[in-house]
Amino acid sequence: MKKEEPKRRSARWHKQDTELTLLALPTTVWYILFCFLPMFGIIIAFKNFKISGGFLSNVFNSPWAGWKNFEFLFKSNDAWVTIRNTLGYNLVFILLGILIPVTLALMIGRLHNRRAGKVYQTMMFLPYFLSWVVVSAVIWAFLSFDKGIANQMLNQMGAESVNWYMEPKYWPYFLIFMNVWKGIGYGMVVYLATITGIDSTYYEAAVIDGASIWQQTKYITLPMMKLVIVMMFILAVGRIFYTDFGLFYQVPRDSNSLFNVTTTLDVLVYKQLKTATVGMASAAAFVQSVMGCITILFANWIVRRIDPESAMM
Amino acid sequence: MAAAKSETSSGLDRYNRISTGMNLLFHLIFILLALVCIVPIVVILSISFSSEDSIRETGYHLLPTMFSVEAYGFILKQGTVILRAFGVSVLVTVLGTVIGVLLTASMGYVLAQPNYKLKNFLTWVVFIPMVFNGGLVSSYYINANLLGLKDTVWALILPLAVSSFNVIICKTFFRTTIPDGIVESAEIDGASQLRIFFSIIMPISLPVLATIGLFLCFGYWNDWFQSMLYINDQDLYSLQALLNNLMSNVDALARNASTMGISYASLVATMPKETARMAVAILIVVPVAFAYPFFQRYFIAGLTVGSIKG
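About the criteria used
Within every chain, residues take consecutive numbers counted from 1 along the sequence as written. Naming scheme: in the order in which they are written, chains are lettered from A and ligands are numbered from 1. Restriction of local features to residues with pLDDT of at least 70 applies here, the model being predicted, together with a cutoff of 80 or more for giving and counting side-chain atom pairs; totals for whole chains, interfaces and linings are based on all residues. Where side-chain values are given, they derive from all heavy atoms of the structure, hydrogens and water being excluded. Helix numbering and strand numbering both begin at the N terminus, where a helix is a DSSP run of H or I of at least 4 residues and a strand a DSSP run of E of at least 2. Note that the radius of gyration is over C-alpha atoms, with the globule rule given as 2.2 Å times the number of residues to the power 0.38. Remark: exposure states derive from per-residue accessible area (1.4 Å probe, protein chains only) relative to the maximum for the residue type, with buried under 20%, exposed over 50%, and partly exposed in between. Should any heavy atoms of two residues lie within 4.5 Å, those residues are counted as being in contact. Each domain's limits were defined by an automated method or a database of domain assignments. Here the term patch refers to residues with relative accessible area over 30% and no salt bridge, with like charges joined within 9 Å and nonpolar side chains (Val, Leu, Ile, Met, Phe, Trp, Tyr) within 5 Å. What sets the accessible areas is the Shrake-Rupley method with a 1.4 Å probe; for residues, cover comes only from the shown protein chains. Every case where a carboxyl oxygen of Asp or Glu lies within 4 Å of a side-chain nitrogen of Lys or Arg is listed as a salt bridge. Using a 1.4 Å probe, buried area is obtained as the accessible area two parts lose upon being combined, added over both of them. Under this definition, polar contacts are N or O atom pairs within 3.5 Å; protein pairs additionally need one hydrogen-donor-capable and one acceptor-capable atom, and for neighbouring residues in sequence, both atoms have to be side-chain atoms. Expected helix span is given by 1.5 Å per residue-to-residue step, counting one fewer step than there are residues. Axes are fitted to the seven residues ending at a residue and to the seven starting at it; the angle between these axes is taken as the bend at that residue. Arc, as used here, means the arc of the directions from the helix axis to the C-beta atoms. Axis lines are fitted through C-alpha atoms, for helices just across the contact stretch, and the angle between N-to-C directions can take any value from 0 to 180 degrees. An angle counts as roughly parallel when it lies under 35 degrees, as roughly antiparallel when it exceeds 145, as roughly perpendicular when it falls between 65 and 115, and as oblique in every other case. Basically, the charged four are Asp, Glu, Lys and Arg, the nonpolar ten are Ala, Val, Leu, Ile, Met, Phe, Trp, Tyr, Cys and Pro, and anything else, Gly included, counts as polar.

(A) The arrangement of the overall build of chain B in detail. Looking only at helices and strands, chain B has 16 helices and 0 strands in total. Its C-alpha radius of gyration of 25 Å places chain B more than 25% over the 19 Å reference for a compact globule of 310 residues. Counting only C-alpha atoms, chain B reaches 70 × 65 × 35 Å along its principal axes. Across the 310 residues in chain B, those meeting the buried criterion constitute 52%. At a minimum sequence separation of 6, the contacts of chain B that also span at least 24 residues come to 71%.

(B) Structural context of the environment of Thr97(B). Residue and element names in this part refer to chain B. Within the secondary structure, Thr 97 sits in helix α5 (residues 80-111). Put simply, Thr 97 and Leu 214 are 117 residues apart on the chain and 8.0 Å apart in space, counted from C-alpha to C-alpha. With sequence-adjacent residues up to four places away left out, Thr 97 is seen in contact with Val 92, Gly 213, Leu 216, Cys 217 and Tyr 220.

(C) Local environment of the domain arrangement of chain B. Split by domain assignment, chain B resolves into domain 1 (18-68) and domain 2 (78-230 + 288-307). Computed from C-alpha atoms alone, the centre-to-centre distance between domain 1 of chain B and domain 2 of chain B is 36 Å.

(D) Geometry of a nonpolar patch on the surface. Side chains of Leu22(A), Leu25(A), Val29(A), Phe86(B), Val90(B), Val94(B), Val98(B), Leu102(B), Leu194(B) and Phe198(B) sit close together on the surface and give an oily, nonpolar patch of about 800 Å² of accessible area. Those elements that place two or more of their residues in the nonpolar patch are α1 (15-41) of chain A together with α5 and α11 (193-204) of chain B. No other element matches α5(B), which puts 5 residues into the nonpolar patch. You can see Leu25(A) is positioned in helix α1. Look at Leu25(A) and you get partly exposed, because its relative accessible area is 44%.

(E) Examining the interface of chain B and chain A more closely. In this complex, chain B contributes 119 residues to the contact, which on the side of chain A involves 114 residues. Both faces combined, the contact of chain B with chain A buries some 10700 Å², and carbon together with sulfur accounts for 72% of it. It is Phe30(B), Tyr60(B) and Tyr141(B) that lose the most area in chain B upon contact with chain A, and together they represent 7% of the buried surface on that side. At the surface where chain B touches chain A, the tally comes to 2 salt bridges. Where chain B touches chain A, the interface holds 29 residue pairs in polar contact (both at pLDDT 80 or more). The greatest single-element share of the side of chain B that touches chain A, amounting to 18 residues, is contributed by helix α2 (residues 20-48) of chain B.

(F) Examining helix α10 (residues 213-238) of chain A more closely. Residue and element names in this part refer to chain A. End to end, α10 covers 35 Å across 26 residues, agreeing with the expected 38 Å (1.5 Å per residue, within 8%). Where α10 bends most, at Lys 226, the angle is about 45°. Of all the positions in α10, only Ile 213, Gln 216, Thr 217, Ile 220, Thr 221, Met 225, Ile 229, Met 231, Ile 234 and Gly 238 are classed as buried.

(G) Geometry of helix α3 (residues 68-75) of chain A. All names here are of chain A. All of the buried residues in α3 are Asn 69, Phe 70 and Leu 73. Down the axis of α3, the smallest arc covering the buried residues is 95°, so these residues share one side. Structural note: α3 exposes Phe 72 and Lys 75 on the side pointing more than 90 degrees away from its buried face. Considering only its buried residues, α3 is in contact with α4 (77-108), α13 (265-274) and α14 (278-306).

(H) Local environment of the pattern of salt bridges. Going through the model one piece at a time under the given rule, you end up with 7 salt bridges over all chains. Here Asp17(A) and Lys117(B) are joined by a salt bridge, their closest N and O atoms 3.0 Å apart. Highlighted residues: Asp17(A) in helix α1 and Lys117(B) in the loop between α5 and α6 (119-131), drawn from two different chains. A residue is classified by how much of its surface remains accessible, and Asp17(A), at 2% relative accessible area, is buried. The shortest N-O distance in the salt bridge between Arg84(B) and Asp235(B) comes to 3.9 Å. A residue pair is termed long-range when its members are at least 10 positions apart, and Arg84(B) in helix α5 and Asp235(B) in the loop between α13 (225-230) and α14 (239-248) qualify at 151 residues. Asp235(B) sits in the partly exposed class, given a relative accessible area of 29%. Residues joined by salt bridges that share partners form a network here, namely Lys147(A), Glu274(B) and Arg277(B).

(I) Fine view of unusual backbone geometry. Residue and element names in this part refer to chain A. Non-glycine residue Arg 253 carries a positive phi angle of around 55°. You can see Arg 253 is positioned in the loop between α11 (245-249) and α12 (259-262). Of the residues examined, Arg 253 reaches a relative accessible area of 26% and is grouped as partly exposed. Phi is positive for Asp 254, close to 55°, though the residue is something other than glycine. Mapped onto the elements, Asp 254 comes out in the loop between α11 and α12.

(J) Structural view of the packing of α6(B) against helix α9 (residues 164-177) of chain B. All names here are of chain B. At a minimum axis distance of 9 Å, the contact between α6 and α9 shows a crossing angle of 140°. Taken together, the axes of α6 and α9 lie oblique to each other. Across the interface between the two elements, Lys 119, Val 126, Pro 129 and Met 130 of α6 pack against Ser 164, Val 167, Ile 168 and Arg 175 of α9. Considered class by class, the residues forming the contact of α6 with α9 number 5 nonpolar, 1 polar and 2 charged.

Take a look at the structure:
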């Protein structure tokens with residue numbers, strides 16, 4: 001939101017204003033129904049909420065519970081495991097989500113055959129366009145206990161079959177791999193756009209001065225990418241309380257044995273909502289919304305100090 | 001994107017290359033990665049074109065051990081459940097994209113008008129949801145109970161129609177690329193703002209509308225979460241919801257057996273299950289896999305627009 005342009009018309013309400021309001025009305029109504037009503041609905045975290053009959057009368061009539069729902073939530077071990085998973089996975093995702101795509105973007109720009117590079121890039125963009133339900137079906141084809149490709153390969157090498165969906169120890173690696181796999185095309189697009197935007201005369205000057213490719217990367221490309229990398233990092237940190245529900249729910253197929261390594265805040269809220277433990281679900285959702293809001297505003301505050309143009313406001 | 005660079009390449013480029021060995025190594029790494037990324041297509045194709053018996057006996061394979069099209073035969077003959085889900089997916093995608101683009105573009109246009117009196121207010125309306133949201137629980141109860149969207153096709157469409165990010169992309173586009181003169185001269189000619197928006201702005205804004213439309217289109221086609229939340233009625237399952245359901249209960253494909261004059265039990269006993277399930281995945285993936293290479297450019301434009309905003 002920048003400074004207003006100088007006013008050309010009077011401050012009086014115009015016919016145009018009425019028409020523009022009409023034009024904006026459907027979307028405004030959408031925002032009220034699907035964004036702002038839920039914001040007020042968040043008070044059910046402080047209520048002893050039972051769903052029966054009308055929603056509004058329920059919200060108003062159900063008794064206040066104070067911080068009871070939060071006490072229940074944080075007394076259970078689930079809450080801490082969930083928060084640990086949410087923050088832990090996100091930290092790893094953020095680091096790898098920068099390191100790997102940046103490296104690959106640097107590499108793909110150096111291929112002698114540019115057309116091949118384009119083909120690789122298109123192929124690596126595919127996972128981005130697949131839904132987690134489809135991905136989960138494919139993972140099942142690999143990890144199914146009796147029919148899976150992974151166990152067939154193990155058997156061929158003389159090893160015992162593994163019941164993958166019951167063994168928590170493998171899943172942090174699987175989930176991290178799947179996250180990198182799905183985001184790799186997107187990340188490369190963002191970083192390649194920056195690399196191709198760098199003025200080629202920098203490189204020409206460097207070559208004339210005898211700089212090696214590695215030196216060019218280190219002293220030209222990476223410094224020019226620094227701003228974008230820092231931005232992507234901060235924006236990702238701002239969303240550290242949110243996770244990709246599909247990755248953590250669909251890919252492990254909601255297996256209870258994997259609870260400790262696959263439950264994040266989004267999964268916890270969904271599961272409790274579905275089992276009608278509304279009190280705990282709304283308390284967990286409240287924690288996520290409020291902490292999410294704080295981290296996003298904080299991230300945005302930092303972005304504005306680094307590069308005001310990129311800040312949300 | 002790589003092509004853009006070669007345009008600016010100079011003769012120096014010949015001296016400024018990685019060594020042939022390095023080049024080979026890089027190619028190898030990328031070939032490996034690219035294969036890992038298209039493995040889903042291979043697996044889904046392979047299983048859907050296998051014979052049901054071979055899967056029952058020897059499991060899934062990267063390449064079919066016994067080729068068969070029985071899964072597709074089943075869809076054509078007895079797959080009313082699948083074809084219905086395909087219809088729901090197409091309906092939701094088309095309707096959702098149209099509604100989403102209209103809602104997004106109209107708000108973007110209004111916010112781009114510098115003299116509009118409620119501009120600041122509406123800017124906040126769009127901005128606040130970007131940093132704060134009510135969370136899943138209250139959204140769920142409001143959509144399901146207050147708005148009565150449960151088990152309607154609108155539950156799949158409306159909650160995903162607008163995103164503040166898209167509105168801002170639109171606003172930036174209108175602000176930066178549409179000359180003020182066009183709007184002003186139309187105003188002088190006495191055209192109403194609605195008229196200006198629909199007959200002047202929309203037609204000349206196709207690039208941005210296409211980008212947003214594509215994001216919405218892929219988003220709706222790939223959505224399963226809304227179905228999981230709001231849809232219990234299996235007649236309203238989209239392909240994604242159907243596949244999701246089949247992963248835990250593959251017999252659901254025989255749900256409509258009675259309408260085809262076959263008993264449920266005999267259809268369950270004879271139909272291909274594993275392969276038909278993957279044929280559903282093919283129906284989902286093939287349109288996407290064929291479409292995205294052509295539209296990649298618009299996606300890239302949309303993904304990299306984040307840095308330019310007004």
